[in-house]
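Structural characterization, general
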Amino acid sequence: MEFEEIEDMARICVENRYKKANVVSTSPIILNHLTEEIGEIALQINNSTLKRKPINIKNLGEEISDSMMLLIFLAHQNKINLEDALLNKIEEINKR
């Protein structure tokens, strides 16, 4: 599957999620939701250290996936070609 296809699927999924909840998906709303998802990732990872519980890999994967879909949606809202931006960033970092 091409990256663009994944982006489209993620964008549509996020759009539908917000429509069903009757919420306008503005960038600040998306950012707030993304912050919540990142917090859930941190909780899952920190639980392994703080509570000495093993990381729930399934849940961690779900939270990372939620975060990635929100990032894809945020990039789309702001007219960022995410594939180009990622490739440029990788190239920039590799040159250091």
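The structure under discussion appears in the preceding block.
First, a word on scope: everything that follows refers to the structure included in this document. (Residues numbered from 1 in each chain as written. Predicted model: local features only at pLDDT ≥ 70, side-chain atom pairs only at ≥ 80, totals over all residues. Heavy atoms only, no water.)

**Points about a nonpolar patch on the surface**
Among the surface-exposed residues, M1, I6 and M9 lie close enough to one another that they form a single nonpolar patch of about 350 Å² accessible area. Examined against the element boundaries, I6 turns out to sit in helix α1 (residues 3-20). Take I6: its relative accessible area is 40%, and that puts it in the partly exposed class. (Patch = residues over 30% accessible without salt bridge, like charges linked within 9 Å, V, L, I, M, F, W, Y side chains within 5 Å. Areas by Shrake-Rupley, 256 points an atom, 1.4 Å probe, with all protein chains shown as cover. Salt bridge = Lys/Arg side-chain N within 4 Å of Asp/Glu carboxyl O. Helix = DSSP H or I, 4+ residues; strand = E, 2+ residues; numbered from the N terminus. Buried < 20%, exposed > 50% of the residue type's maximum accessible area, 1.4 Å probe, protein only.)

**Some remarks on the pattern of salt bridges**
In total, this model carries seven salt bridges according to the counting rule given. With a closest N to O distance of 3.2 Å, E91 and K95 form a salt bridge. On the criterion of helical spacing, the pair formed by E91 and K95 is a turn pair, its members being four residues apart in helix α4 (residues 82-95). With relative accessibility at 43%, the residue E91 sits in the partly exposed group.

**Observations regarding the layout of surface pockets**
Looking at the largest pocket, its volume works out to about 220 Å³. When contributions to the lining of the largest pocket are tallied by element, the ones reaching two or more residues are α1, α3 (57-77) and α4. Top element by residues in the lining of the largest pocket is α1. It accounts for four residues. The calculated volume of the second largest pocket comes to roughly 180 Å³. Lining the second largest pocket we find F3, M68, L71, I72, L74, A75, N78, I80, L82 and L86. (1 Å grid on protein atoms, 1.4 Å probe; cavity = no way out; pocket = protein on both sides within 12 Å on 5 of 7 lines; lining within 4 Å. Points joined across faces, edges and corners; volume = space filled by probe spheres on them.)

**Notes on a negative patch on the surface**
Taken together, the side chains of E2, E4, E5, E83 and D84 define an acidic patch exposed on the protein surface. Going through the elements one at a time, α1 and α4 are the ones with two or more residues in the negative patch. (Lys, Arg positive; Asp, Glu negative; His and termini not counted. Charge placed at Lys NZ, Arg CZ, Asp CG, Glu CD.)

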